Every structure is written in C-alpha cells, then in structure tokens.
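# Chain and residue survey
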Amino acid sequence: MLAGVVGGTEETTTGVIRLRALEAQGGLGFPVLSVNDADTKHLFDNRYGTGQSTVDGLLRATNMLIAGKRVVVAGFGWCGRGIASRVRGMGASVIVLEVDPLRALEAVMDGFLVMPAAEAAAVGDVFITATGDLDVIRPEHVARMKDGAVLANAGHFDVEVDLPGLAGLAVEVREVRPSVREFEMADGRRIHLLAEGRVLNLASAEGHPASVMDMSFANQALGAEFIAREGPGLEKRVYAVPRHIDEEIAAVKLATLGVEIDALTPDQARYLASWDRGT
Ligand code: NAI
C-alpha cells in the first residue's frame, strides 16, 4: 500500500518514538507529522488531559480518598507532571521516579520528592506509571510494598507494570471491585492492580474531556491538510507540526475561552528582533 500513501500524522508520544526509530533505521515509508510534539498537543492533552482523567479513573475504580495518600508517579514527562500536580492539589504527598536527570531536577524544584523506585516502593500507597517504558514496577518493588498498595498505569500499555512478575509473586488473585484485581502475597499482603495494568484513564474512566482533545484533533485536521498538500515534496522523515498551525490553534482556543491578549506594538516587535538597542 505504501506507493499510494502521501504521508501521515501521529498522535502520541510512544507512536512518535516508534516512527523516529523506524526513520533512523531507514524504514519509514512516507513523511509523518509529529502531532504529539505540537505545543498545543502535549502541553495540554498529555498534561492537563491525562492529569485529570487519570485521577478520574483512579477515583472511579477505587473511590479512595486521595488526601493524605503517598502517590508515587513514575515518569515526570508531560503526562507524569500532569498527574503529579493534580493529585498534589487533592492533598496527596507525591513522590516522583525518573531516569532523566533534567526531568528529575525539575520535579525536585517543583517541590516533589524524588527517589529511586526501590525506596519509593516501601512508602507509597498508590503507584501510577506514565513513562512509555516497560517493567517500571517490578517484583523487587512489589516485594517491598505495603499491604493495600494500589498499582496503575496511565502511560503506555500493559507493560509498564511487570504483570507476569506480579502474578508470579501471588498465592491468590481475585477481583475485589470492577477494575480492581487483588494479588495476595505469601506473607498476606494484598496488592491491588487497576484496569489490568492498561491505560487507567481510558479503561476506568472516559479518557480526556473533549475540551482538551479539541486542540489535539485540530492539530490532526490541520496537519492532515498540510501533509496532503506538502507530502509529495517531503522526505520520508518525521516532521514537526509547522509553528503557524500551533499558533493558530492556540489563538482559536483562547478565543473560544473568551480570553483576549495584547499584541506587540510595532516598536516592541522591532526591539525584540534587534541586537543594537539596549545592548
Ligand atoms: P515523556 O517522554 O514526556 O515522559 C516520559 C518520562 O518517563 C520521561 O521523562 C522519561 O525520562 C521517564 N521514564 C522513562 N523510563 C522510565 C523509568 N524506567 N522510570 C522512571 N521514569 C522513566 O512522555 P509523555 O508525553 O509523558 O507520555 C508518556 C506515555 O504516556 C507515553 O507512552 C504516551 O504515549 C502515553 N500517553 C498516554 C495518554 C493517556 O491518555 N493515558 C495521553 C498521552 C500520552
């Protein structure tokens, strides 16, 4: 089918990672726009959308009180920081797990506790993965967890928690509520897995509200128009969404929210583009 394909657009972080890997191996068959990398996508959908809808999934599955809990968020990317900020706002103490020093430093300076997974495992009440990676929560972590600990994933698919590893530790497994599977350990501790380790906000809630997906889908629509027009002249690579599309979407979104902003005066625009004044 490749011969007839002019180009594509890709919505999510993991999809873009896969397409870039394919491009690096010379295997990408057509140009692709990375919708995920548009600011009007990941700064909003991933952060505020995943942040809110993951909390929604957690509440619908467990009806737990978040205030006072120790919530461990694995990954301080756009999804992870959204989740971390939302559960902190509801009164949780939040611990962040990272492997990237820059992201970890941001988390520290945003006021979150940052520590290795093995340390967090012993103190966390709820663990939420949002890394795009596999085996982030492993048996050696589960072995240190408290009775009643809750595990959930809001990132990639059901590989972020090592499910075979978790099952291997259990002497008994039962469904205690819809979307809540209890794994009883040999020492009597019970570990609760939400939504079979699948993406919690989609499996146990309704995904993101339309009022944040509008920007993602506007990127998809305008990106599809762009790639249909420009695709034949592009190389078989992953391209950023053109900045003017991002800015147009942000401006329209602001207008729908009834928010007006200032514009640069001609002199301000000249000043910001100059090097010889005020130097
Ligand atoms: P991101 O790349 O901004 O952040 C991922 C973070 O996880 C990075 O900072 C990385 O250093 C960290 N990380 C990777 N391996 C780790 C490990 N073993 N332990 C701790 N941290 C680790 O990605 P983003 O945009 O936050 O997306 C994360 C995942 O969520 C992706 O798989 C993406 O496709 C998915 N996603 C899910 C959504 C949903 O509705 N549930 C919505 C948007 C994205």
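Predicted, not measured: the structure shown is a model, and the values here were computed from it.

## As for unusual backbone geometry
Positive phi values are uncommon outside glycine, yet serine 179 reaches one of about 75 degrees. With respect to the helices and strands, serine 179 occurs in the loop between strand S8 (170–177) and strand S9 (180–185). For serine 179, a relative accessible area of 28% gives the class partly exposed. Backbone geometry at alanine 195 places phi at a positive 55 degrees, although glycine is not the residue there. Relative to the elements of secondary structure, alanine 195 occurs in the loop between strand S10 (190–194) and helix H8 (200–203).

## Section: the site of the ligand
With respect to spatial proximity, 25 residues lie near the ligand, and among them Thr13, Thr14, Glu98, Arg103 and Asn201 are the closest. A distance of 2.6 Å separates an oxygen atom of the ligand from a polar atom in the side chain of threonine 14. Residue glutamate 98 places a side-chain N or O atom 2.5 Å away from an oxygen atom belonging to the ligand. Computed on the free molecule, the ligand has an accessible area of 870 Å², of which 85% lies beneath the protein chains in the complex. Taken together, the residues of the shell around the ligand sort by class into 8 nonpolar, 13 polar and 4 charged. Of the residues that make up the shell around the ligand, three or more belong to each of domain 1 (2–41 + 214–272) and domain 2 (42–203).

## Section: the domain arrangement of the protein chain
Here the protein chain is described as being made up of domain 1 (2–41 + 214–272) and domain 2 (42–203). Its C-alpha centre places domain 1 at a distance of 31 Å from the equivalent point of domain 2. Each partner contributes residues to the interface: domain 1 has 12 residues there, and domain 2 has 7 residues. Of the roughly 700 Å² buried between domain 1 and domain 2 on both sides combined, carbon and sulfur atoms contribute 41%. Counting every contact that joins domain 1 to domain 2 gives 1 salt bridge. The partner of lysine 41 in a salt bridge is aspartate 45, with the nearest N and O atoms 3.7 Å apart. At the surface where domain 1 touches domain 2, the tally comes to 11 residue pairs in polar contact (both at pLDDT 80 or more). Only helix H1 (13–24), helix H2 (39–62) and helix H9 (210–230) provide two or more residues apiece to the side of domain 1 that touches domain 2.

## Some words on the pattern of salt bridges
Applying the stated criterion across every chain yields a total of 25 salt bridges. With a closest N to O distance of 3.1 Å, arginine 81 and glutamate 106 form a salt bridge. One end of the pair, arginine 81, is in helix H3 (residues 78–89); the other, glutamate 106, is in helix H4 (residues 101–109), with 25 residues separating them in the sequence. For arginine 81, a relative accessible area of 10% translates into the label buried. Judged by relative accessible area, which is 36%, glutamate 106 ranks as partly exposed. Overlapping salt bridges bring together Asp158, Glu175, Arg181, Glu196 and Arg198 as one network.

## Some points on the sheet that holds strand S4 (residues 93–97)
Here we have 8 strands laid out as an open sheet, ordered S5-S4-S3-S6-S7-S10-S9-S8, and mixed in their pairing. The open sheet is flanked by strand S5 (113–114) and S8, the only strands paired with a single partner.

## Describing the environment of serine 53
With respect to the helices, strands and loops of the structure, serine 53 is situated in helix H2. Linking serine 53 and histidine 208, residues 155 residues apart in sequence, is a C-alpha distance of 5.6 Å. Setting aside chain neighbours within four positions, we find serine 53 in contact with Asn201, Ala205, Gly207 and His208.

## Quick notes on the sheet that holds strand S2 (residues 32–34)
Within the open sheet, the 3 strands sit side by side as S1-S2-S11. Their pairing is parallel. What marks the edges here is a single partner per strand, and that holds for strand S1 (8–10) and strand S11 (238–240). On average, adjacent strands in this sheet sit at an angle of 35 degrees to one another, irrespective of strand direction. Relative to S2, S1 is paired through 3 bridges, and the arrangement is parallel.

## With respect to the packing of H2 against H3
For the pair H2 and H3, the least separation of the axes is 7 Å and the interaxial angle reads 45 degrees. Taken together, the axis directions place H2 and H3 in an arrangement best described as oblique. The way H2 lies across H3 gives a crossing that is right-handed. Residues His42, Leu43, Asn46, Arg47, Tyr48, Thr50, Gly51, Gln52, Thr54 and Val55 of H2 pack against Trp78, Cys79, Arg81, Gly82, Ile83, Arg86 and Val87 of H3. When the residues that make up the contact of H2 with H3 are grouped by side-chain class, the tally is 7 nonpolar, 7 polar and 3 charged.

About the criteria used
Residues numbered from 1 in each chain as written. Predicted model: local features only at pLDDT ≥ 70, side-chain atom pairs only at ≥ 80, totals over all residues. Heavy atoms only, no water. Helix = DSSP H or I, 4+ residues; strand = E, 2+ residues; numbered from the N terminus. Buried < 20%, exposed > 50% of the residue type's maximum accessible area, 1.4 Å probe, protein only. Near = heavy atom within 4 Å. Polar contact = N/O pair within 3.5 Å; in protein donor to acceptor, adjacent residues only side chain to side chain. Areas by Shrake-Rupley, 256 points an atom, 1.4 Å probe, with all protein chains shown as cover. Nonpolar A, V, L, I, M, F, W, Y, C, P; charged D, E, K, R; others polar. Domains from an automatic or database assignment. Contact = heavy atoms within 4.5 Å. Buried area = accessible area lost by both parts, 1.4 Å probe. Salt bridge = Lys/Arg side-chain N within 4 Å of Asp/Glu carboxyl O. Pairing = 2+ DSSP bridges. Axes fitted to C-alpha atoms, helices over the stretch in contact; angles between N-to-C directions. Parallel < 35°, antiparallel > 145°, perpendicular 65-115°, else oblique. Left-handed = near helix turned anticlockwise from the far one by under 90°.

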